[in-house]
Amino acid sequence: MFKFFAPKALKLLIIISLVLAFLVLGNLYTYKRLIAEKPIAQLTFTPVSNQEFDATLRLGNFCEESTYRIYGDEWRIDSQFLKWKSWATLFGLNAMYRIDRLSGRYSNIEDENTKNHSAHELKTTSTLDLAKVADRYKNKFPPVDTVYGSSAYEDMKPNTLYTVSVTQSGILIREQDQSNITQQIECDIGKSQWKDTIVGLDQKLVSLIGSFK
């Protein structure tokens, strides 16, 4: 009897392990490896009216632009960092980051409490959220050291190019006058096909799960 059920149990265990590996990989690819200071986004702002701007954002492979309506005097970008324990870095697991949100903020507290607000989600939704798993099982998820958020904000000024970069310690912003731009991130095509395939499959799984709710 044991010999009859053993092969089926083993096959089931292998299938479950592969599914779990895919879910972890699908979420992991929503993050990017962080090795040194690295540009991750560029933004410009076009005034629409008083304390209202259209933000043009380039990120990912910097080949496509998206436009978002932002209210306030300043813009803010939020990200999430996934830091591995020192022994895990020996296996090539460098700190990773994910851009989460773009929003506006007001310099004046009264304006902040009374005027229009807008926030735009930039992260890719995935079936499994490693950050939530790591936070819930802090002492039972050995490779993860910590998961934390990092934000940076800057004034919204027209005719200015803002470059957002990440470092091991968080986010920083550099600005340049558009009339004197010395560095423009070039469009980078074709280097993330495998990652895009994994994320794409995971997105289809998210939609499938959502259709049953």
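Residues numbered from 1 in each chain as written. Predicted model: local features only at pLDDT ≥ 70, side-chain atom pairs only at ≥ 80, totals over all residues. Heavy atoms only, no water.

> Hey, could you run me through the sheet that holds strand S4 (residues 65-71) in this one?
Across the sheet, five strands lie side by side as S4-S3-S2-S9-S10; this open sheet has antiparallel pairing. Each edge of the open sheet carries a strand with a single partner, namely S4 and strand S10 (170-177). With direction set aside, neighbouring strand axes in the sheet form an average angle of 30°. Across eight bridges, the pairing between strand S9 (residues 160-167) and S10 is antiparallel. Each bridged residue has a counterpart across the sheet, and for tyrosine 162 the counterpart in S10 is glutamate 175. (Pairing = 2+ DSSP bridges. Helix = DSSP H or I, 4+ residues; strand = E, 2+ residues; numbered from the N terminus. Axes fitted to C-alpha atoms, helices over the stretch in contact; angles between N-to-C directions.)

> Honestly, the packing of aromatic side chains in this entry has me stumped. Any pointers?
Between two aromatic rings, the relevant description is the distance of the centres plus the angle of the planes. For the structure shown, the criterion picks out five aromatic pairs. Judged by centre distance (6.5 Å) and plane angle (90°), the rings of phenylalanine 45 and phenylalanine 53 are edge-to-face. Measuring from ring centre to ring centre gives 5.5 Å for tryptophan 75 and tyrosine 162, while their planes differ by 70°; the resulting arrangement is edge-to-face. Separated by 87 residues along the polypeptide, tryptophan 75 in strand S5 (residues 74-84) and tyrosine 162 in strand S9 bring together distant segments of the chain. Each member of the pair tryptophan 75 and tyrosine 162 is classed as buried. Members of the aromatic cluster, connected to one another through ring pairs, are Phe45, Phe53, Trp75 and Tyr162. A cation sits over an aromatic face here: arginine 105 above tyrosine 153, 3.8 Å from the ring centre. (Phe/Tyr/Trp six-rings, centres within 6.5 Å; stacked < 30°, edge-to-face > 60°. Buried < 20%, exposed > 50% of the residue type's maximum accessible area, 1.4 Å probe, protein only. Lys NZ or Arg CZ within 6 Å of the ring centre and 35° of its normal.)

> Honestly, the side chain of aspartate 100 in this entry has me stumped. Any pointers?
Examined against the element boundaries, aspartate 100 turns out to sit in strand S6 (residues 96-105). Among the polar contacts made by the side chain of aspartate 100, one reaches the side chain of arginine 98 at a distance of 3.3 Å. (Polar contact = N/O pair within 3.5 Å; in protein donor to acceptor, adjacent residues only side chain to side chain.)

> Sorry if this is basic, but what is going on with the pattern of salt bridges here?
Pairing is possible between side chains of opposite charge, provided their charged atoms come close. Scanning all chains against the criterion turns up seven salt bridges. Between lysine 157 and glutamate 175 there is a salt bridge whose closest N-O contact spans 2.8 Å. A residue pair is termed long-range when its members are at least 10 positions apart, and lysine 157 in the loop between strand S8 (144-155) and S9 and glutamate 175 in strand S10 qualify at 18 residues. When its relative accessible area of 32% is taken as the criterion, lysine 157 is described as partly exposed. Each member of the salt-bridge network shares a partner with another, and the members are Glu52, Asp54 and Arg69. (Salt bridge = Lys/Arg side-chain N within 4 Å of Asp/Glu carboxyl O.)

> Looking at this model, I keep getting lost on the confidence of the model for the chain. Mind explaining?
In regions of low pLDDT, the predicted coordinates are not meant to be interpreted in detail. Looking at the chain, the pLDDT average stands at 74 and 57% of residues meet or exceed 70. Confidence drops under pLDDT 50 across residues 193-212; counting only partners more than four residues distant or on other chains, this segment forms 26 contacts. (pLDDT = per-residue confidence, 0-100. Contact = heavy atoms within 4.5 Å.)

> What exactly am I supposed to notice about the nonpolar core here?
Here is a general trend for soluble globular proteins: nonpolar side chains tend to be buried in one another's company. Formed by 23 residues in total, the largest nonpolar core has its most connected members in Leu43, Phe45, Trp75, Leu102 and Val164. For this core, the elements supplying multiple residues, two or more each, are strand S2 (38-49), strand S3 (52-59), S4, S5, S6, S9 and S10. Here this core gets four residues from one element, more than from any other, and that element is S2. Those residues in contact with phenylalanine 45 that sit more than four places away from it in its chain are Phe53, Asp54, Ala55, Trp75, Met156, Lys157, Pro158, Asn159 and Tyr162. Among the nonpolar cores identified, the runner-up in size contains five residues, and Leu82, Trp84, Met96 and Val144 belong to it. (Core = buried A, V, L, I, M, F, W, Y, C linked by side-chain atoms within 4.5 Å.)

> How should the environment of isoleucine 40 be read in this particular structure?
In this fold, isoleucine 40 is placed in strand S2. Residue isoleucine 40 is classed as buried on the basis of its relative accessible area of 4%. In sequence terms isoleucine 40 and valine 166 are 126 residues apart; their C-alpha atoms lie 6.9 Å from each other. With near-sequence residues (within four places) excluded, isoleucine 40 lies in contact with Arg58, Leu59, Gly60, Phe62, Tyr97, Ile99, Val164, Ser165 and Val166.

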